[in-house]
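# Secondary and tertiary structure notes
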Amino acid sequence: MKKFICINCPLGCHLEVDDSDPNDIKVSGNTCPRGKIYAINEITAPKRMVTSSVPVSRSDLLRVSVKTSQPIPKDKIFDCLNEIKKAHAEAPVAIGDVIVSNVCGTGIDVVATRNAHKI
Amino acid sequence: MRKCDIVVVGGGPAGLAAAVSAFEAGTKDIVILEREERLGGILNQCIHNGFGLHTFKEELTGPEYADRFEQLVYQRGIEYKLGSTVINVTADKTVTYVSEQEGLQKISAKAIILTCGCRERPRGGINIAGARAAGIFSAGTAQKLVNIDGLMPGKEVVILGSGDIGLIMARRMTFEGAKVKAVVELMPYSSGLNRNIVQCLNDFDIPLMFSHTVVDIKATNGRVSSVVIAQVDDKLQPIMSTAQEIACDTLLLSVGLLPENELAGYAGVELSPVTNGAVVDDQMMTSVEGIFECGNVLHVHDLVDYVSEESSHAGKCAANYVQNGMSATQYVPTCGTNGVRYVVPQKIRKDANVEKISLRMRVANAFKNVELAVLLDGEKIFSRKRPIVTPGEMETVVLGSELVARIKQGSKLEVTLLKGEEK
C-alpha cells in the first residue's frame, strides 16, 4: 500500500494505492476520477518538469533560466540537474533554444526560458 | 512638465497587462515606469513552471509568462522607462521619478495605474529573537541570488513559513546541492498549494512541521549556526518544553507578502487594513479620482493569471476614464461575512454601465462543503457550492449584467459562507 496526496485541487485527498496486482491497481481515498488517474501515474511512471538556470556569456544577464521541454522521469531529476550544471550558454539566446539536447538519454531537451541579448 | 494620458507605476505582470489593455481601449499615450533594468518584475526570478494555465492554457515558467506580455508591449510600441524609480505620486496626478539617465523628472498624467507589487515580510516583521547574523534571508532574496546571480546563500537550510515561495525555494536549494532540514510552519496548515507541498517537499523527503516556529537563532563567528524551533499552542504561543535545536547555516523566511503602498499613501489613497492595499471600486479606481490600483499591490494573488485579468480590467477602465471622465456618484459597498475575510472591489458604482463584475475574495480559515453566496440586502442572488475553500486560494465570483443591474438598486452587497464546516 502506497500513499500520495493528490495535487489536482486544494482538497488534497490522501490517496492509498494498492498495486499488488499491476494489472488491477486499486486507488482509495480519492473524491473524483482525477485522483485515481493521478495515483496510477504516480505509481507507474512519475514524471516531473525540471527547471534551473545556466551561466550565459556575452550577455547583460549572468544566467539564463532553463526547463526540460517535457516532464522527465522522476528518478532522473538529479542526473538531469548534473548535466544542466555542466552546461553553458552564449548570447544571443532566445526562449526555446536548446541548451542540452537529449538530456540523460530521455529524448527530451533542456531549453531556455528567457531571452538573453548579446552585448 | 511632461504631460501624458496614463502613467503605469511598475513593469511587472500587472503593469504590462494594464498598459496593453489601456492601449487596446484607445488610450495610447502611456508610459510604464520600472525601477529594475528589465520589464517582467518578480516573474524573472520565478524560473519554475506552473504559470499561465488559465491565460495561455499551457504551463509556462515565470520568465516565459512575462515575455508573452512584454512582446505585447513591444508590438504596440508602448513607451517604458527602465531604471526609473517613482518616488512620489500626488492626488493631482503628478508622478515624480528618478533615473540615472534623466535625474529627477515629473510627469503630469490624466490617470495613474499603481502596479507596484508587494514586498516580503522581513525578520523584523515577525520579531524572531536571537543572533543578528549572516545567513538569514527572505525566500525571495534567496531566489534572486540562486536564479539570477548564480550564488548559493548556504548549504544547510531551515525555512520558516510554508507559503509557495518557501516551498519552491526548498526544492530549488535542494536542486543546487543544499540540504533543506525542515520547513517550519506556525499554522496547523500551509498557505501554499498542495502541488508544491508534494513536488517541492515530499519528493525530496523534506519534513514540514506544522504548528511550529523559530524561537531562537544562534550564530558562530557572525554566521547562523543553528535555529531553535518549538511547537506552538492553539494561541500560537511557543511551548518551550518542546524546543529543539537544528544545526544549519541558513534561515529562509517565507512569512507573508506586504503590498507596497507607500506611493498610494503619499497621494492620499484610502487603504484597507485587511488587504493592506487600496480601497477600490469596480473599475479598480482608488479613493483618489484617476488613480487606479491592481495586481499584488492591491491584494496578494496566488496566481499571476488573476493578476493579468484584474490588471487588464484596470487598464481598460483607466482608458475609459481618460476618454470620458468620472461617471460614478454613488456606491454600493461590498463586504465579506461569516468566514469571508475580504472582498475586492470594496464598492460598486451605482451608475456603472458594465456587463460583468468580478468579486475577488479570501476566506479566513479552511472550510469544507460550503456554499459561497452573494447577498444583496440580505437576499441571496448568487451561490456556488465548493467542496473546500482555503485561505491560500483566492475565490472569484463573476456577476453577469442581470445581477449587476440588480446591485444598482441595492444598498449593501455581502459575500458569505453558508452551511460550512471548519476543516
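The structure displayed is predicted, hence computed values, not measured ones.

## Some details on the overall build of chain A
- Looking only at helices and strands, one finds two helices and 10 strands in chain A.
- Going from the N terminus to the C terminus, chain A shows its helices and strands as β-β-β-α-β-β-β-β-α-β-β-β.
- Based on the C-alpha atoms only, the size of chain A along its principal axes is roughly 55 × 30 × 15 Å.
- Classification of the 119 residues of chain A by burial places 43% in the buried group.
- Counting only contacts in chain A whose residues sit at least 6 apart along the sequence, the fraction spanning at least 24 positions is 47%.
- With an accessible surface of roughly 6,200 Å², chain A has 51% of that area assigned to carbon and sulfur atoms.
- A gap of 5 Å separates the mean positions of the 16 positive and 13 negative side-chain charges of chain A.

## A look at the overall build of chain B
- On a plain count of helices and strands, chain B comes out with eight helices and 28 strands.
- Here chain B has a C-alpha radius of gyration of 22 Å; the compact-globule value for 423 residues is 22 Å, and the two agree.
- On the principal axes, the C-alpha backbone points of chain B span a range of 65 × 60 × 40 Å.
- For chain B, with 423 residues in total, the buried portion stands at 56%.
- Across chain B, every contact between residues at least 6 apart in sequence was considered, and the portion connecting residues at least 24 apart equals 63%.
- For chain B, the exposed surface amounts to about 17,300 Å²; the carbon and sulfur share of it is 48%.
- Put simply, chain B has 44 plus and 50 minus side-chain charges, and the middle of one group is 2 Å from the middle of the other.

## Re the domain arrangement of chain A
- Taken as a whole, chain A is organised into domain 1 (2–44) and domain 2 (51–112).
- Each of domain 1 of chain A and domain 2 of chain A was reduced to a C-alpha centroid, and the two centroids are 31 Å apart.

## Here's the deal with the environment of Asn194(B)
All names here are of chain B.
- Counting through the fold element by element, Asn-194 comes out in helix α5 (residues 194–201).
- Note on Asn-194: relative accessible area 18%, which makes it buried.
- When the C-alpha atoms of Asn-194 and Ala-405 are compared, they prove to be 38 Å apart, with 211 residues separating the residues in sequence.

## Points about the packing of helix α1 (residues 13–24) of chain B against helix α2 (residues 62–76) of chain B
All names here are of chain B.
- For the pair α1 and α2, the least separation of the axes is 9 Å and the interaxial angle reads 35 degrees. With respect to the hand of their crossing, α1 and α2 are arranged in left-handed fashion. Packed against α1, whose contacting residues are Leu-16, Ala-17, Val-20, Phe-23 and Glu-24, the element α2 presents Ala-66, Phe-69, Glu-70, Leu-72, Val-73 and Arg-76 at the interface.
- Looking at side-chain class alone, the contact of α1 with α2 contains eight nonpolar, no polar and three charged residues.

## Points about the side chain of Ser21(B)
All names here are of chain B.
- Its place among the elements puts Ser-21 in helix α1.
- Given the relative accessible area of 13%, Ser-21 is considered buried.
- Here Lys-316 takes part through its backbone nitrogen, which lies 3.1 Å from a polar atom of the side chain of Ser-21.
- In this structure, Ser-21 is in contact with Ser-312, Gly-315 and Lys-316, ignoring residues within four places of it in sequence.

## Describing the interface of chain B and chain A
- Taken residue by residue, the interface counts 32 residues in chain B and 29 residues in chain A.
- Of the roughly 2,700 Å² buried at the junction of chain B and chain A (both faces included), carbon and sulfur atoms supply 56%.
- Per-residue buried area on chain B facing chain A is highest for Arg38(B), Phe175(B) and Asn194(B); these three make up 22% of the total on that side.
- Across the pair Asp203(B) and Arg48(A) runs a salt bridge whose closest N-O atoms are separated by 2.6 Å.
- Across the chain B-chain A interface, the total number found is eight residue pairs in polar contact (both at pLDDT 80 or more).
- When residues of the side of chain B that touches chain A are traced back to their parent elements, those giving at least two are α2, α3 (139–147), α4 (164–175), α5 and β25 (379–389) of chain B.

## Some thoughts on unusual backbone geometry
- The step from Ala91(A) to Pro92(A) runs through a cis peptide bond, and the omega angle for that step is 0 degrees.
- Along the chain, Pro92(A) turns up in the loop between β8 (89–90) and β9 (98–100).
- Cis geometry is adopted by the peptide bond preceding Pro345(B), which originates at Val344(B) and carries an omega value of 5 degrees.
- Position of Pro345(B) relative to the elements: it lies in the loop between β21 (340–344) and β22 (347–349).
- For Asn369(B), which is not a glycine, the phi torsion comes out positive at approximately 45 degrees.
- One non-glycine residue with positive phi stands out, namely Asp377(B), at about 50 degrees.
- Relative to the helices and strands, Asp377(B) resides in the loop between β24 (367–376) and β25.
- Judged by its relative accessible area of 45%, Asp377(B) is partly exposed.

## A word on the domain arrangement of chain B
Residue and element names in this part refer to chain B.
- In terms of domain boundaries, chain B breaks down into domain 1 (1–119 + 257–326), domain 2 (122–255) and domain 3 (328–423).
- Placing a centre on the C-alpha atoms of domain 1 and another on those of domain 3 gives a separation of 25 Å.
- In this assembly, 18 residues from domain 1 lie in contact with 18 residues from domain 3.
- Counting the surface lost from both domain 1 and domain 3, the interface buries some 1,600 Å², and carbon and sulfur atoms represent 52% of this.

## Brief notes about the sheet that holds strand β13 (residues 208–209) of chain B
Residues and elements named next belong to chain B.
- Taken in spatial order, the five strands make up an open sheet running β10-β17-β11-β12-β13, and their pairing is parallel. The open sheet has two free edges, formed respectively by β10 (136–138) and β13, since each of these has just one partner strand.
- In the sheet, strand β11 (residues 156–160) pairs with strand β12 (residues 179–184) via five bridges, with the strands oriented parallel. From the neighbouring strand, Val-158 faces β12, where its bridge partner is Ala-182.
- Across the sheet, α3 is in contact with β10 and β17 (250–253); its angle to β10 comes to roughly 90 degrees.

Each value, and the rule that gives it
Residues numbered from 1 in each chain as written. Chains lettered and ligands numbered in written order. Predicted model: local features only at pLDDT ≥ 70, side-chain atom pairs only at ≥ 80, totals over all residues. Heavy atoms only, no water. Helix = DSSP H or I, 4+ residues; strand = E, 2+ residues; numbered from the N terminus. Buried < 20%, exposed > 50% of the residue type's maximum accessible area, 1.4 Å probe, protein only. Contact = heavy atoms within 4.5 Å. Areas by Shrake-Rupley, 256 points an atom, 1.4 Å probe, with all protein chains shown as cover. Lys, Arg positive; Asp, Glu negative; His and termini not counted. Charge placed at Lys NZ, Arg CZ, Asp CG, Glu CD. Rg over C-alpha atoms; globule rule 2.2 N^0.38 Å. Domains from an automatic or database assignment. Axes fitted to C-alpha atoms, helices over the stretch in contact; angles between N-to-C directions. Left-handed = near helix turned anticlockwise from the far one by under 90°. Nonpolar A, V, L, I, M, F, W, Y, C, P; charged D, E, K, R; others polar. Polar contact = N/O pair within 3.5 Å; in protein donor to acceptor, adjacent residues only side chain to side chain. Buried area = accessible area lost by both parts, 1.4 Å probe. Salt bridge = Lys/Arg side-chain N within 4 Å of Asp/Glu carboxyl O. Pairing = 2+ DSSP bridges.

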